[in-house]
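# Overview (structure and organization)
Each chain, letter by letter, is given below.
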Amino acid sequence: MPLVEPAVERAAEPAESVATRVVSAVASREGVDPTAIEPPLYDAIDPDALDALVASNGESGLHVSFTYCGYPITVDAVGGVSVGVRDHSSVAATGTATD
């Protein structure tokens, strides 16, 4: 039976943008510095729109889900970030994400 990695969760930090938390959580999953993550987040989702959406929805129960670097990402209404297990079908032979 294959080992399934648990999701990486990153709690909301008041001084940190949601977009920054997403990149940091993916970097944590990858074991690299956030500046080493490619492609940039804006290739997957508009970071400013994501930050604004979360800022305007507070306790609404909102969840935004998208794929970044092959990982399913879920952001909740208060800015918490969850990074699921990578979908290897979206990763090219070079080891970099194709989406």
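A few points on the structure. (Residues numbered from 1 in each chain as written. Predicted model: local features only at pLDDT ≥ 70, side-chain atom pairs only at ≥ 80, totals over all residues. Heavy atoms only, no water.)

### Considering the overall build of the protein
Across its full length, the protein holds two helices and four strands. Beginning at the N terminus, the succession of helices and strands in the protein can be written as β-α-α-β-β-β. Per-residue burial over the protein gives 38% buried out of 99 residues. A sequence separation of at least 24 residues applies to 45% of the contacts in the protein between residues at least 6 apart. Of the roughly 5,700 Å² of accessible surface on the protein, 56% is carried by carbon and sulfur atoms. (Helix = DSSP H or I, 4+ residues; strand = E, 2+ residues; numbered from the N terminus. Buried < 20%, exposed > 50% of the residue type's maximum accessible area, 1.4 Å probe, protein only. Contact = heavy atoms within 4.5 Å. Areas by Shrake-Rupley, 256 points an atom, 1.4 Å probe, with all protein chains shown as cover.)

### A look at the nonpolar core
Formed by 23 residues in total, the largest nonpolar core has its most connected members in Val 22, Leu 50, Phe 66, Tyr 68, Ile 73 and Val 75. Among the secondary structure elements, those contributing two or more residues to this core are helix 1 (18–30), helix 2 (47–55), strand 2 (63–68), strand 3 (71–76) and strand 4 (81–83). Ranked by residue count, the leading element in this core is helix 1, at seven residues. Residues contacting Val 22, with those up to four places away along its chain left out, are Leu 41, Leu 50, Phe 66, Tyr 68, Ile 73, Val 75 and Val 81. (Core = buried A, V, L, I, M, F, W, Y, C linked by side-chain atoms within 4.5 Å.)

### Notes on the pattern of salt bridges
Enumeration according to the criterion identifies one salt bridge in this entry. Here Arg 86 and Glu 30 are joined by a salt bridge, their closest N and O atoms 3.3 Å apart. Residue Arg 86 is located in the segment after strand 4, and its partner Glu 30 is located in helix 1; the two are separated by 56 residues in the primary sequence. Judged by its relative accessible area of 32%, Glu 30 is partly exposed. (Salt bridge = Lys/Arg side-chain N within 4 Å of Asp/Glu carboxyl O.)

### Some points on unusual backbone geometry
Glycine aside, residues mostly have negative phi angles, and peptide bonds mostly take the trans form. The residue after Glu 38, namely Pro 39, is reached through a cis peptide bond having omega 0°. Among the structural elements, Pro 39 can be located in the loop between helix 1 and helix 2. One non-glycine residue, Cys 69, adopts positive backbone phi at about 55°. Here Cys 69 lies in the loop between strand 2 and strand 3. Under the relative-accessibility criterion, Cys 69 is labelled buried at 3%.

### Some remarks on the packing of helix 1 against helix 2
When two helices pack together, their arrangement is given by the angle between their axes and by how far apart the axes lie. With their axes 8 Å apart at the nearest point, helix 1 and helix 2 run at an angle of 115° to one another. By the angle class used here, helix 1 and helix 2 are roughly perpendicular. Seen from helix 1, the contacting residues are Val 18, Ala 19 and Val 22; seen from helix 2, they are Pro 47, Leu 50, Asp 51 and Val 54. (Axes fitted to C-alpha atoms, helices over the stretch in contact; angles between N-to-C directions. Parallel < 35°, antiparallel > 145°, perpendicular 65-115°, else oblique.)

### Brief notes about the pairing of strand 2
Only one face of strand 2 is covered, namely the face carrying Val 64, Phe 66 and Tyr 68; the face carrying His 63, Ser 65 and Thr 67 is uncovered. Two elements, strand 2 and strand 3, share six bridges in a ladder whose sense is antiparallel. What sits directly across from His 63, in strand 3, is Asp 76. As consecutive antiparallel partners, strand 2 and strand 3 are separated by two residues, and within that stretch Cys 69 has a phi angle of approximately 55°, a positive value. (Pairing = 2+ DSSP bridges.)

Purely geometric numbers; function is a separate question.
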